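In case you want the letters, here they are:
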Amino acid sequence: MFVDAICGQNRYSLSNYLSLQLEIIDMKMITAVIKPFKLDDVRESLADIGVQGITVTEVKGFGRQKGHTELYRGAEYVVDFLPKVKLEVAISDDLVDSTVEAITKSAATGKIGDGKIFISSLDEVIRIRTGETGADAI
Amino acid sequence: MTDVFQLQYALDTFYFLMCGALVMWMAAGFAMLEAGLVRTKNTTVILTKNIALFGIACTMYMVCGYAIMYGGGDFSWFLSGITGDGATGAEEPATYAPAADFYFQVVFVATAMSIVSGAVAERVKLWSFLIFAVFLTGFIYPMEGSWTWNGMPVFGMYTLGDLGFSDFAGSGIVHMAGASAALAGVILLGARKGKYGADGSSKAIPGGNLPLATLGTFILWLGWFGFNGGSVLATASVESANAVAVVFMNTNAAASGGMIVALIVAKRLFGKADLTMALNGALAGLVAITAEPSTPTPLQATLFGGLGGALVVFSIVYLDKLKIDDPVGAISVHGTVGLLGLLLVPLTNDASTFSGQLIGAATIFVWVFASSYVVWLVIKMAMGIRVSEEEEMAGLDLPETGMEAYPEFVSAKS
């Protein structure tokens, strides 16, 4: 039992280590925070370059765009968090540049608060209905 | 003064006041309906507009409106002309107190003004709207009210009552008038940004709170019993009590008919049940019967309401095609169907004629639309009537009121 436990643990971390070394990272998760009224434009331009799936959340946030104070029944409060829309798109590596360009062009107004794009690596994608993985699942 | 007359006076006054209170409650209905049909970022402003216009309407009508409408040439400021007692000292003793008459009339003015609020929503400047309210309630509405319910000649030219015009509770005088003022405002304002595409297609801008919109409609339905019921002006006799009962019954029947037909028509046109059309349909039924709720049979009332329900759906779609952007359908519910309500009167009321109704409708529309257009235009030139594009995109609530209707992540000043 003792041996099994040790071997089991070792086997787990060994295979994990190996899979990290062997895995070809070929997908990215693009997260963009944009102004809410730009969502339709961004969605259209993503569809134009062939990006098919998108997840959208209503969020509030700020970057360097400063908030301002308002009064509620005579008491001051701070409006820091501004309404934004966060979208997440899983794409394959070869589409990263065109996706970033599409989002940037369609979400920009030139005024402060246009938002940011974050690119993170994506370990795995699975389509729930069929079980497909990887690029087939995007 | 006999005991019976005392009792009659007391009962009629009480009834009149309670009906006025029900009509006041319609203000809550309008506020909830509009709040539910605009986006969350514009909700605080529309609620502010609704409560503010109510106060302004009541005050302006007290200042000069009532005297313009019912003074009959004897104008006096601040209601100083009305006596405290309707039974003594008057040529013909009334069966209700004069203040009750003012109270009942003033809530009608507020109703007419609140119709404008929905149509101009989501892009009108709050204070420009309130300034317009001062003129509509203090002058424009009282003028057309004086030609209709007070029987004064229209600028000395003709008298609508003599021509066979009849509008029991105000399909034309209140509802179509409000819609005419709204139409003038909407034309000068323009549509909301992004509502109409370059190819002429119309983009859906869904309301943010359908439960509120539904609640608002039910409140209006209840309040309408006071609106039409009180317009009988009495209840303390067999004849008037019978009339009141018929009016309540027909008002309810028309709302039901309007709702059913609108729901079915919307299902046929759009493929699914449309709650907002059902709500508009019930209101359209109510507007359609308002010009004459005492003479139709209950079946006729239901059918008249149903006609209103059908007409309102088509009117909403058609006005949208004409690029007249009306976020709550107010111009259709109150204007298009208000006209229908006037034209249905001769079908069951022999004292009115189609020509009289048409002349009356035209008089009301031309006066209210033209004078409203002028007032909106002057306000537009003086201070603008539309918010900036940034404010419209971000939502009017923070720029105009500094508070959100559905706040999240509020931090105290550090």
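Residues numbered from 1 in each chain as written. Chains lettered and ligands numbered in written order. Predicted model: local features only at pLDDT ≥ 70, side-chain atom pairs only at ≥ 80, totals over all residues.

*Asks:* How should the overall build of chain A be read in this particular structure?
*Replies:* Counting secondary structure elements, chain A contains three helices and six strands. What you see in chain A, going N to C, is helices and strands ordered as α-β-α-β-β-β-β-α-β. Counting all 138 residues of chain A, 14% fall into the buried class. Contacts in chain A between residues at least 24 apart in sequence constitute 73% of all its contacts with a sequence separation of at least 6. (Helix = DSSP H or I, 4+ residues; strand = E, 2+ residues; numbered from the N terminus. Buried ≥ 20, exposed ≤ 12 C-beta atoms within 10 Å, placed from the backbone. Contact = placed C-beta atoms within 7 Å.)

*Asks:* Sorry, what's going on with the overall build of chain B here?
*Replies:* Scanning chain B from N- to C-terminus turns up 13 helices and one strand. Put simply, chain B runs from its N terminus to its C terminus through helices and strands in the order α-α-α-α-α-α-α-α-α-α-α-α-α-β. Taken over the C-alpha trace, chain B has a radius of gyration of 21 Å; the compact-globule value for 414 residues is 22 Å, and the two agree within 12%. Taking the principal axes of the C-alpha coordinates as reference, chain B spans close to 70 × 50 × 45 Å. With 414 residues in all, chain B has 54% of them scored as buried. (Rg over C-alpha atoms; globule rule 2.2 N^0.38 Å.)

*Asks:* Help me out: how do you make sense of the nonpolar core in this one?
*Replies:* Note that soluble globular proteins tend to have their nonpolar side chains buried in a common cluster. Ranked by internal contacts, the top residues of the largest apolar core, which has 122 residues, are Ala57(B), Ala110(B), Ala182(B), Ala262(B) and Ala288(B). With 14 residues, helix H2 (residues 43-70) of chain B is the single largest residue contributor to this core. If you look at the next biggest cluster of nonpolar residues, it comprises 14 residues, including Ile30(A), Ala32(A), Ile34(A) and Leu87(A). (Core = buried A, V, L, I, M, F, W, Y, C linked by C-beta atoms within 7 Å.)

*Asks:* Quick question: what am I supposed to make of the packing of H2(B) against helix H4 (residues 126-148) of chain B here?
*Replies:* Relative orientation and spacing of two packed helices are given, respectively, by the angle between their axes and the distance between those axes. Residues and elements named next belong to chain B. Put simply, H2 and H4 touch, their axes get as near as 8 Å, and they point 35° apart. When the axes of H2 and H4 are compared, the crossing they make is right-handed. Class assignment of the residues belonging to the contact of H2 with H4 gives a composition of 19 nonpolar, six polar and one charged. (Axes fitted to C-alpha atoms, helices over the stretch in contact; angles between N-to-C directions. Left-handed = near helix turned anticlockwise from the far one by under 90°. Nonpolar A, V, L, I, M, F, W, Y, C, P; charged D, E, K, R; others polar.)

*Asks:* Would you mind showing me how to read the interface of chain B and chain A here?
*Replies:* You'll often see interface size given as the accessible area lost when the parts meet. Across the boundary between the two partners, chain B contributes 11 residues, which contact 12 residues of chain A. Of the residues contributing to the side of chain B that touches chain A, the split by class is six nonpolar, three polar and two charged. With two bridges joining them, strand S4 (residues 75-79) of chain A and strand S1 (residues 411-412) of chain B adopt antiparallel strand pairing. Within S1(B), the residue paired with Val78(A) across the bridge is Ser411(B). (Pairing = 2+ DSSP bridges.)

*Asks:* Just to check I follow, could you spell out the packing of H4(B) against helix H11 (residues 354-383) of chain B for this structure?
*Replies:* Residue and element names in this part refer to chain B. Put simply, H4 and H11 touch, their axes get as near as 10 Å, and they point 155° apart. Of the possible angle classes, the one that applies to H4 and H11 is roughly antiparallel. As for the relative orientation of H4 and H11, their crossing is right-handed in sense. Where H4 abuts H11, its residues Ser128, Ile131, Phe132, Phe135, Leu136, Ile140, Met143, Glu144, Trp147 and Thr148 lie against Gly360, Thr363, Ile364, Trp367, Val368, Ser371, Ser372, Val375, Trp376, Ile379 and Met383. (Parallel < 35°, antiparallel > 145°, perpendicular 65-115°, else oblique.)

*Asks:* Would you take a moment to explain the sheet that holds strand S6 (residues 115-121) of chain A for this structure?
*Replies:* Strand pairing in a sheet relies on backbone hydrogen bonds. The paired strands run either parallel or antiparallel. All names here are of chain A. Read from one edge of the open sheet, four strands run S2-S5-S1-S6, paired in antiparallel fashion. Two strands bound the open sheet, and with one partner strand each, they are strand S2 (55-61) and S6. Adjacent strand axes in the sheet meet at a mean angle of 25°, parallel and antiparallel pairs treated alike. Looking at chain direction, strand S1 (residues 27-34) and S6 are connected through seven bridges and run antiparallel. For Lys28, the partnering residue across the bridge sits in S6 and is Ser121. Packed on one face of the sheet, helix H2 (residues 39-48) meets S1, S2 and strand S5 (82-92) and runs near 10° to S5. Helix H3 (residues 96-107) contacts S1, S5 and S6 of the sheet and is inclined by roughly 5° relative to S1.

*Asks:* I tried to follow helix H8 (residues 275-290) of chain B on my own but got confused; where do I start?
*Replies:* Helical geometry: 3.6 residues make up each α-helical turn, so side chains three or four residues apart lie on a common side. The end-to-end C-alpha separation of H8(B) is 23 Å, in line with the 22 Å expected for 16 residues at 1.5 Å each. A large share of H8(B) lies buried, amounting to 15 of its 16 residues. (Expected span 1.5 Å × (residues − 1).)

*Asks:* Honestly, the confidence of the model for chain B in this entry has me stumped. Any pointers?
*Replies:* Any region with low pLDDT has predicted coordinates that should not be read closely. The pLDDT averaged across chain B works out to 94; a share of 98% of its residues lies at or above 70. With a pTM of 0.90, the predicted complex shows an ipTM of 0.77. (pLDDT = per-residue confidence, 0-100.)

*Asks:* Before we go on, may I ask you to explain the sheet that holds S1(B) in this structure?
*Replies:* Ordered in space as S3(A)-S4(A)-S1(B), the three strands form an open sheet in which the pairing is antiparallel. The two strands at the open ends of the sheet, each matched to only one other strand, are strand S3 (68-72) of chain A together with S1 of chain B.

*Asks:* Please explain the environment of Met60(B) as it appears in this structure.
*Replies:* Residue and element names in this part refer to chain B. Among the structural elements, Met60 can be located in helix H2. It is 4.8 Å that separates the C-alpha atoms of Met60 and Gly138, two residues lying 78 residues apart in sequence. Apart from the residues lying within four places of it in its own chain, the contact partners of Met60 are Gly65, Val134, Thr137 and Gly138.

*Asks:* What should I look at first to understand the environment of Arg123(B) in this one?
*Replies:* All names here are of chain B. Along the chain, Arg123 turns up in the loop between helix H3 (98-119) and H4. Of the residues examined, Arg123 has 22 C-beta atoms within 10 Å and is grouped as buried. When the C-alpha positions of Arg123 and Glu389 are compared, they lie 9.0 Å apart, and in sequence the two are 266 residues distant.

*Asks:* Explain the pairing of S3(A) here, please?
*Replies:* S3(A) sits mainly on the outside: zero of its five residues count as buried. Here S3(A) hands over to S4(A) after two residues, with Arg73(A) in that stretch at a positive phi of 50°.

*Asks:* Please clarify how unusual backbone geometry should be interpreted in this entry.
*Replies:* In terms of backbone geometry, most residues other than glycine have negative phi values and most peptide bonds are trans. All names here are of chain B. The backbone of Phe155 sits at a positive phi, close to 45°, despite the residue not being glycine. Non-glycine residue Leu233 carries a positive phi angle of around 75°. Considering the arrangement of structural elements, one finds Leu233 in the loop between helix H6 (210-229) and helix H7 (238-270). We classify Leu233 as partly exposed; it has 18 C-beta atoms within 10 Å.

*Asks:* What's the story with the pairing of S4(A) in this structure? I'm lost.
*Replies:* Remark: a regular strand shows side chains that alternate across the two faces of the sheet. As paired strands, S3(A) and S4(A) are joined by five bridges and run antiparallel to one another. Within S4(A), the position partnered with Glu70(A) by the bridge is Tyr77(A).

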